[in-house]
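Residue strings, one per chain:
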Amino acid sequence: MFKFIVFASFLAYAFAAIGHSSVGDEYHAEIVHLKSDVRKDGYDFALETSNGIHEQASGDGYGNVHGSYEYVSPEGEHVKVSYVGDEYGYHPEGDVLPTPPPVPEAILRAIEYIRTHPPKEVSKFH
């Protein structure tokens, strides 16, 4: 029983230390500005917190949304993402988002060759 109490105490201490070091200012953050306007034809929303988080969004009656959010990462990098949500999905844009690698030049040449040399029609009785 004593080992269980010691282990539980150690575990509680470890989680408390992790929580305080990783949360930091976020634990004590307060809402500095909040605007929420919901209408029949859409909405507008804006949020700002004391730890530098900013978010804004607006939407229409059809479910389309335009917005952005920004914050400072734990590494000190300013992160800003703008997005659109519509019938075609969620479309984020920002410098921190991963991008696909460029298409190799050989592939681009092959695509261009295929485009300029369409296949010949083949007869059914060939």
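Residues numbered from 1 in each chain as written. Predicted model: local features only at pLDDT ≥ 70, side-chain atom pairs only at ≥ 80, totals over all residues. Heavy atoms only, no water.

(A) Main features of the overall build of the protein. A count of helical and extended segments in the protein gives two helices and six strands. Of all 126 residues assigned to the protein, the portion counted as buried reaches 12%. Within the protein, contacts between residues separated by at least 24 positions form 4% of all contacts whose residues are at least 6 apart in sequence. Accessible surface, the protein: about 11,000 Å² in total, of which carbon and sulfur atoms supply 62%. (Helix = DSSP H or I, 4+ residues; strand = E, 2+ residues; numbered from the N terminus. Buried < 20%, exposed > 50% of the residue type's maximum accessible area, 1.4 Å probe, protein only. Contact = heavy atoms within 4.5 Å. Areas by Shrake-Rupley, 256 points an atom, 1.4 Å probe, with all protein chains shown as cover.)

(B) Spatial organisation of the packing of aromatic side chains. Within this structure, the stated rule accounts for two aromatic pairs. The interplanar angle of 40° and the centroid separation of 6.3 Å between the aromatic rings of Tyr69 and Tyr83 together place this pair among those described as tilted. Taken together, the residues span a long stretch of sequence, with Tyr69 in strand β4 (residues 65–72) and Tyr83 in strand β5 (residues 78–86) at a distance of 14 residues. With a centroid separation of 5.7 Å and an interplanar angle of 40°, the aromatic rings of Tyr83 and Tyr90 are classed as tilted. On the accessibility criterion, Tyr83 (14% relative accessible area) is buried. Cluster of aromatic residues (ring-pair linked, three or more members): Tyr69, Tyr83 and Tyr90. (Phe/Tyr/Trp six-rings, centres within 6.5 Å; stacked < 30°, edge-to-face > 60°.)

(C) Representation of the sheet that holds β4. Strand order in the open sheet formed by six strands is β1-β2-β3-β4-β5-β6, with antiparallel pairing between adjacent strands. Taken across any chain shown, the strands that pair with only one partner, and hence form the sheet edges, are β1 (31–39) and β6 (89–93). The mean inter-strand angle of the sheet, taken between neighbouring strand axes irrespective of direction, is 10°. Pairing geometry for β1 and strand β2 (residues 42–49), over eight bridges, is antiparallel. (Pairing = 2+ DSSP bridges. Axes fitted to C-alpha atoms, helices over the stretch in contact; angles between N-to-C directions.)

(D) Molecular detail of the pattern of salt bridges. In this structure the tally under the stated criterion is four salt bridges. Ionic pairing is found between Arg39 and Asp37, a salt bridge with its closest N-O pair at 3.2 Å. Under the relative-accessibility criterion, Arg39 is labelled partly exposed at 33%. The exposure class assigned to Asp37 is partly exposed, which follows from its relative accessible area of 33%. Arg39 is the partner of Asp41 in a salt bridge, and the nearest nitrogen-oxygen pair spans 3.1 Å. (Salt bridge = Lys/Arg side-chain N within 4 Å of Asp/Glu carboxyl O.)

(E) Highlighting the confidence of the model for the protein. Averaged over every residue, the pLDDT of the protein is 82; the share at 70 or more is 76%. Contacts of residues 14–23 to residues separated by more than four positions or lying in other chains number one contact, the stretch itself having pLDDT below 50. (pLDDT = per-residue confidence, 0-100.)

(F) The arrangement of the pairing of strand β3 (residues 54–60) in detail. Direction of pairing for β2 relative to β3: antiparallel, over a ladder of seven bridges. From the neighbouring strand, Asp44 faces β3, where its bridge partner is Ser58. The turn linking β2 back onto β3 is made up of four residues, and Gly52 within it adopts a positive phi angle of 90°. Pairing of β3 with β4 involves six bridges; the strand directions are antiparallel. Opposite Ala57, over in β4, you have Gly67 as the bridge partner. Here β3 folds back onto β4, and the loop between the two strands holds four residues, one of which, Gly63, carries a positive phi near 90°.

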